[in-house]
Structures are given as C-alpha cells and as structure tokens.
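Structure at a glance
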Amino acid sequence: MSGLTPERNQQFSRMRGVARDIFASALKNASIESAFARNVRCERRVLRIGEDLHDLDLYQRVFVVSIGKAAHTMAAALERRLGSGIFEVGIVASSVEPENQIRGLRYFRGGHPTPTAESIRVADAILKSLTALDATALVIFMISGGGSSIVEKPVVTLDDHEISLPDLAATYQALVHSGAPIAEVNAIRKHLSAVKGGRLAQAAYPAQQVSILVSDVPDATPDALASGPTMPDSTSIHDCERIAAKHNLIEQFPRSVADLFRQHALEETPKSDDPAFIRARWWTVLSNKVAIDEAAAAATRAGFAVEVDNSCDDWPYDKAASYLVDRLNELRRKVSRVCLISGGEVTVTVRNGGIGGRNQQFALACAERISGCDITVLSAGTDGVDGNSPAAGAVVDGSTIERVDDRAGHGAGGAEAARQALSTFNAYPFFDALGDAIITGPTGNNLRDLRILLAY
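Attention here is on the structure that accompanies the text. (Residues numbered from 1 in each chain as written. Predicted model: local features only at pLDDT ≥ 70, side-chain atom pairs only at ≥ 80, totals over all residues. Heavy atoms only, no water.)

Quick notes on the overall build of the protein chain
Along its length, the protein chain carries 16 helices and 15 strands. Against the globule reference of 23 Å for 456 residues, the protein chain gives a C-alpha radius of gyration of 23 Å, in line with a compact fold. Its C-alpha atoms give the protein chain principal-axis dimensions of roughly 75 × 55 × 35 Å. Looking at the protein chain residue by residue over its 456 residues, the buried ones come to 58%. In the protein chain, 79% of the contacts between residues at least 6 apart in sequence involve partners at least 24 apart. Element-wise, carbon and sulfur atoms account for 49% of the exposed surface of the protein chain, whose accessible area totals about 18400 Å². (Helix = DSSP H or I, 4+ residues; strand = E, 2+ residues; numbered from the N terminus. Rg over C-alpha atoms; globule rule 2.2 N^0.38 Å. Buried < 20%, exposed > 50% of the residue type's maximum accessible area, 1.4 Å probe, protein only. Contact = heavy atoms within 4.5 Å. Areas by Shrake-Rupley, 256 points an atom, 1.4 Å probe, with all protein chains shown as cover.)

Laid out in structure tokens, this is it:
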C-alpha cells in the first residue's frame, strides 16, 4: 500500500498544479501578439519592423509568406498591426488548418514532422510567386519552427538527380530519430532542399526582403530556424558530411540520398556574399529566452527563488536529467523553495519507439531520480506538441513511482514500469494513465521547450 499520507499526497498534487501554472503563464505571456505589438507598427503607410522603416508608397506590391507552426498566428498578428489593404496577396503554410482565413492569402497544410505532397505543392507555389517579383516589391517573410518539413522541395542536382517524396520522408525520419541537435539536422536539410539555406531569398531577389522570426532554435544559430530559407547559410557541404558520419546516417538514408553523400555530390547553399542578401533583413521578435523570462516571473510570483540554467541545451535527455536534478539539489541547500528553469531542447535517439517525445522522455528519466523527494519536474514544448504523442510534455514528482505502484496494486512495479517505458520510448501511455501528461493542443507558437524543476 502507499506510504503517502493524505497531507503529503495533497502537497504533491498542489505542486504539480503550480508547475502547470508556471508553464501556462509562460505560454500566455510569451505571445506572438505581444511580440508584434513591440516590434511591428504601421503609421501613415510607413511600416516599422524591428529598427527598419519601409515607406510602403515606394513599393508596387507587398507580398507575404508565412510558414511554420506559428504561421497562422503570425499572419493574423501582422494583419492586426498593419490593417486591411496593406498586403493583398501571399501564402500561409502551417501543419494545421486555420481557424480563420485572411482575404487574399492562399493557405496550405504541409506535413510535420516529415514532408508530404502538400509540402512540395506549397514550396512550388512560393517559388513561382517569388520569382515573378521585381525590385518594386516588398516581401515580408514570417518564419517559425516546423517550416523545414511544412514547406519543402528537394533540390535537383547538376546531373538531374531528383529525390522522391518517399525517400525525402525517409531521410527526415532518419534525421529526426538520430539524436542529432536541431542545428545539425537542419544543416543537412538545407543542402537537400530547393527552398532552404537562403534559397527562398535567392528566388525573391531583387525584391526588398524582411524576415520576421519566431525562433525555436538556439539564439546563436538563427539560420537554423526552419532551415534558414531566407538567410545566408552558415553551414557547408563539409559540415553535412561530418554530421552524417558522426551519427552513422549514410547507412540509414535511402539510396538516392546516401549516393549524394558517397559521391560528394551535394551542392553548396548561398552564403553571406550572395547578391540575394543585399536587400534582405531579419528580425527575431520572439525566442526561447522570452518564454524563460515569463516562466521565471511566474515562479517568482509563486514564492520561489529562481535560477536559470540552459547549459544542457542539445544534451541527451538522460544526461540532462541527471545534471538538472543534481543542480536543483545543490540550490535547495541554500534556500527552501527554489525553481530551476532550463530552456532549449534535449535529444533522444529513437529506435523502434512507441508513443512519446523528448519532453516526456526527459520527465520520465527524472521520475526515479526524485522518487520520495519534495521535487516536481515539468518538461513541455511551447508548440503544444511532443514527438508523435498528443501531449506537449509531462510532469513528475516524488510521488510518481509510488502512484504507479498503487495503480498496479503492488509496491514494486512503479520503477520497473518507468524503466520499461523509457527503454521502449513509450512515455505517453505511462503519463496518460496517471493523468500527468500536459495537454494543450497546438499553441500556434513555437519557442522550443521549457523544463521547470521545483524543490520545496
């Protein structure tokens, strides 16, 4: 039977609620609407984006391209800031259907996490529209995470080699499950694509271009966002070959892609000296840092001393779990109620996995480490999607293992159930049964992940 007293069980329940509230507050306050209110304004037909001013009377056409998981939210926010009639044409591509459509914009639903036929159709539509523009046009790109698969067209190599859609999807699957950090994954995606790594900017040249970024990548690598379709590429063919070797990817790629690596036939992406970027600017209006700051403010209001530690960004999930739990225990020696917040993403190398995602895998890795302790850990994605599950993430605490034991009707199975779910990458059913999965649905935003650790 459970060793949890009613009072202790109530405390754990309350703290799981506090962790959920901190995450919900971060989602609410790190919003696209507030970011656009700060960074985008139009007065007397002068458009300000970041620190740039654009006199709209100088342009014969304003064309909008919004892609990624936040594409609908960004398009709606832009219309509210600019008012009707500023832009009359454009394309919006996301992984979900829009709740409302803006007149003049064409809508597509691309694939995620792997590209689909619709991903290729929208890429073709964007390329066709951009290549028809001239120097009298202004293109407003709005880029958010998920754009890598939502908008995609395989590059055609010099020998007319073309990658089929099934082979492209298989390549994405291998990359996503490789355990490689997102910047490495996107380096390879860029070099296989006709729209990534600055190639949309090439298509739009000589039009004036400005990109509004809602970032789900590390701040130091903004060109990794959606694989950098409008930015100079900081990665090279040599990087791709090194990354593929590091993660043993060539053997996992379909033959059409593997042969490009074996024959050293990848084509280089445009760099900063390409003419396409002479009239191009970029502004990051929202990033993981904003979500972290909002979570920290909410934790402070809840009475916790707050520490932020992002050093485990892109670490394997189990290494990150050990590090952050140890860090929390260090901090609690100095103060009775402490909240440790960590942003960014952990990595998971999946082989024949079940239903779950990196956040649930991280939370589950923490469960046994904190069993019996006055600690709560929440890990969730700000986009509301964690891997192939319907959850954004999960929350665990010192009672998680014992509550599994109680449900099983014995006192020895909780830890074993957690280990089994971990080893089979099947965390979602574990958390769903406990009611500890974080379910938000797609948020219309995408600012990487948040890990919130509470000691009390």
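Some remarks on the sheet that holds strand β3 (residues 52-55)
Strand order in this open sheet of 3 strands is β1-β2-β3, and the pairing throughout is antiparallel. Here the strands that pair on one side only, and so sit at the sheet edges, are β1 (40-43) and β3. Recorded for the sheet is a direction-independent mean angle of 20 degrees between the axes of neighbouring strands. Across 4 bridges, the pairing between strand β2 (residues 46-49) and β3 is antiparallel. Of the residues in β3, the one forming a bridge with Ile-49 is Asp-52. Lying over the sheet, helix α2 (residues 32-39) contacts β1 and β2, oriented at roughly 50 degrees with respect to β1. Running over the sheet, helix α3 (residues 71-82) touches β1 and β2 and is turned about 30 degrees from β1. (Pairing = 2+ DSSP bridges. Axes fitted to C-alpha atoms, helices over the stretch in contact; angles between N-to-C directions.)

With respect to the side chain of Ser-119
Looking at the element boundaries, Ser-119 is found in helix α4 (residues 117-131). Its relative accessible area of 0% is what places Ser-119 among the buried residues. In this structure, Ser-119 is in contact with Gly-110, Gly-111, Ser-149, Ile-150, Val-151 and Glu-152, ignoring residues within four places of it in sequence.

What about the pattern of salt bridges?
One pass over the structure, following the stated rule, counts 31 salt bridges. When the shortest N-O distance is used, the salt bridge between Glu-97 and Arg-109 registers 4.0 Å. Of the two residues, Glu-97 is situated in the loop between β5 (89-94) and β6 (105-109) and Arg-109 in strand β6; the sequence distance between them amounts to 12 residues. Classification of Glu-97 by relative accessible area gives exposed; the value is 52%. For Arg-109, a relative accessible area of 42% gives the class partly exposed. Two residues, Glu-345 and Arg-358, come together in a salt bridge whose shortest N-O distance is 3.0 Å. (Salt bridge = Lys/Arg side-chain N within 4 Å of Asp/Glu carboxyl O.)

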